[in-house]
Amino acid sequence: MSHPQFDVVIVGAGPAGSTAALHLQNSGLRVCLMDKATFPRDKICGDALSGTVGYELHKLGPQVMQAFMQAEPKIATSGIRFVSPNLHTLDIILRKVRPGLSAPGYLFPRIHFDQFLFNLASNHPHIQTISQCTVQSINTSKQHVTLQTSQGHFSSRFIIAADGAQSIIARHCGIQHQHPHLSAGVRQYFTGVTGLPSPTLIELHFLPETLPGYVWIFPLPNGLANVGMGMRSDVVIQKKISLRHLFQHIIHHHPHLSPRFKYASALEPPRGFPLPLGSLRRPLVHGPILLTGDAAACIDPFTGEGIGYAMTSGRIAAQSIIHALHSPNPMLHLHAYNHLLHQAIGSEMKTSYRLQQLLQYPRLFDRVVQKANRSPAFKDLLRQMIEEPANKSQWLNPLLYLRILWPF
Ligand SMILES: Cc1cc2nc3c(=O)[nH]c(=O)nc-3n(C[C@H](O)[C@H](O)[C@H](O)COP(=O)(O)OP(=O)(O)OC[C@H]3O[C@@H](n4cnc5c(N)ncnc54)[C@H](O)[C@@H]3O)c2cc1C
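Numbering of residues begins from 1 in every chain and follows the order in which that chain's sequence is written. In keeping with the predicted nature of the model, local features appear solely for residues at pLDDT of at least 70, side-chain atom pairs appear and are counted solely at 80 or more, and the whole-chain, interface and lining totals rest on all residues. To get the side-chain values, all heavy atoms of the structure are used, and hydrogens and water are removed first.

Enquirer: Just checking my understanding: could you explain the side chain of Glu268 for this structure?
Expert: Elements are defined by DSSP. Helices are runs of H or I of four residues or more, strands are runs of E of two residues or more, and each kind is numbered from the N terminus. Considering the arrangement of structural elements, one finds Glu268 in the loop between strand 16 (265-266) and strand 17 (271-276). Burial classification: accessible surface area is computed with a 1.4 Å probe over protein chains only, and a residue below 20% of its type maximum counts as buried, one above 50% as exposed, and the rest as partly exposed. Glu268 gets classed as buried once you look at its relative accessible area, which sits at 15%. Here the side chain of Glu268 touches Tyr189 through a polar contact of 3.0 Å, landing on its backbone nitrogen. Those residues in contact with Glu268, other than ones at most four positions away along the chain, are Arg187, Gln188 and Tyr189. In the analysis that follows, any N or O atom pair within 3.5 Å is treated as a polar contact, provided that within protein one partner can donate a hydrogen and the other can accept it, and provided that, for residues neighboring in sequence, both atoms belong to side chains. Two residues form a contact once any of their heavy atoms are found within 4.5 Å.

Enquirer: Can you walk me through the site of the ligand in this structure?
Expert: Nearness is judged by heavy atoms alone; a residue qualifies as near a molecule or strand once a single heavy atom is within 4 Å of it. Neighbouring residues of the ligand: 36 residues in total, closest Asp35, Arg41, Gly46, Arg110 and Asp294. Here an oxygen atom of the ligand sits 2.9 Å away from a polar atom, N or O, in the side chain of Arg110. Starting from 1,000 Å² of accessible surface for the ligand in isolation, the protein chains cover 94%. Of all the secondary structure elements, the ones that give two or more residues to the shell around the ligand are helix 1 (15-24), strand 14 (214-219), strand 17 and helix 8 (307-325). The element contributing the most residues to the shell around the ligand is strand 17, with 3 residues. Domain borders in the structure are assigned automatically or taken from a domain database. Both of domain 1 (6-78 + 102-178 + 278-353) and domain 2 (182-274) provide at least three residues apiece to the shell around the ligand. Areas reported as accessible are Shrake-Rupley estimates using a 1.4 Å probe. Residue values count occlusion only from the protein chains shown.

Enquirer: Sorry if this is basic, but what is going on with the packing of helix 11 (residues 362-374) against helix 12 (residues 376-387) here?
Expert: Any two packed helices are characterised by how steeply their axes cross, that is the angle between the axes, and by the distance between the axes. It is the contact of helix 11 with helix 12, at a shortest axis distance of 5 Å, that shows an interaxial angle of 120 degrees. Considering their axes alone, helix 11 and helix 12 lie oblique with respect to each other. In this structure, helix 11 crosses over helix 12, and the sense of that crossing is left-handed. Taking contact as the criterion, the partners of Val368, Lys371, Ala372 and Arg374 in helix 11 are, on helix 12, Pro376, Phe378, Lys379 and Leu382. The residue classification treats Ala, Val, Leu, Ile, Met, Phe, Trp, Tyr, Cys and Pro as nonpolar and Asp, Glu, Lys and Arg as charged. All others, Gly included, are polar. Looking at the contact of helix 11 with helix 12, its residues break down into 5 nonpolar, no polar and 3 charged. To get an axis, fit a line to the C-alpha atoms, keeping to the stretch in contact for a helix; angles then go from 0 to 180 degrees between the N-to-C directions. Here is the rule for angles: anything less than 35 degrees is roughly parallel, anything more than 145 is roughly antiparallel, 65 through 115 is roughly perpendicular, and the remaining ranges are oblique. Note on convention: near helix rotated counterclockwise from far helix by under a right angle means a left-handed crossing. Clockwise means right-handed.

This is the structure we're talking about:
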């Protein structure tokens, strides 16, 4: 019987994979982090880092927090501007700042943020990083998993699949991202977009033509802006929408948004990528393989946020392997990962799915915005529901809807 080369091979060095590697760095295990790309590499994304990312950076330790604070180019964000279907605006200024950070959130182009995490992992002597290594197929035996890659065969006791929304490993495990639990997104970088709010807010425009999705405008350092649109892919198919065309139509012709692009220049054509949503619970442990991040469909079904949840899943997958190896029956213990990840993010995904469903009732959204603009107490409640995952579940409470509909 041949011995596997590694204890853990992590496929994909995005936020899920690099975070998993960093949590395994002092475990004494032989860890390999491989990616088909060479870093720095771009990832189509809104580039918005939420409080969940702050929480995960905190879990990686004070040195990582300090390095993050010095990393460039990023800008701090103070909150969120919601624009409702009837074009009313609601600004929610967030207050919760994690110790060690300077703001509730950040905008940090993925080409730089992912390299920041990847560099932390690749600088560690116990993590072997391999770039330009594409996994092509997987073979699982009783003793180990063999990966056939563009750089030859690799064998390992465990695999952490962090290979993103189009994961070959998730497909090997029989997981398919199905409608309506999948969104499509397009992103385009611009310079010269006007009307950006100050202090810096991320803008979400829930226009009637984009529901159940939205157009975002996120300011970036050096006068850039990340602009994009996401929509559930079953709706895209059902309405026979070309997301790129609709997006460009909105940018150039929407009476509310197009004036802001009058002097703007696009730096690239709109580029699309799928978002596997966490609105369906899936099995995430398949023998010695653990699915994480987008490969495990950990994206918030309402906001499209996935970076922080990818990091959470990478952390919990790494911890699950370490704990399993200390138990008499590692394979049995590995299954705890399913439960632990659900415990960590399951209720947030459930609430966000409900919110996404409520977008079928645009007038309710209008009403929430109007109510919050009239009632400071209600606005503060919304802030708390955004900031505290535990408070988010209030969206499942029917009394909240009575409060929204109540005229005073
Ligand atoms: C349009 C759009 C906008 C978004 N905006 C935001 C946002 O603003 N904020 C937010 O929090 N989330 C956002 N998301 C979601 C976020 O991008 C993802 O949830 C996040 O990138 C998931 O991280 P990951 O590590 O799982 O996967 P990825 O970041 O996709 O990393 C996967 C890695 O695997 C590698 N890989 C793939 N296949 C193979 C293979 N066969 N062999 C070897 N390596 C492989 C890839 O090269 C890549 O480096 C957005 C997504 C989209 C599509």
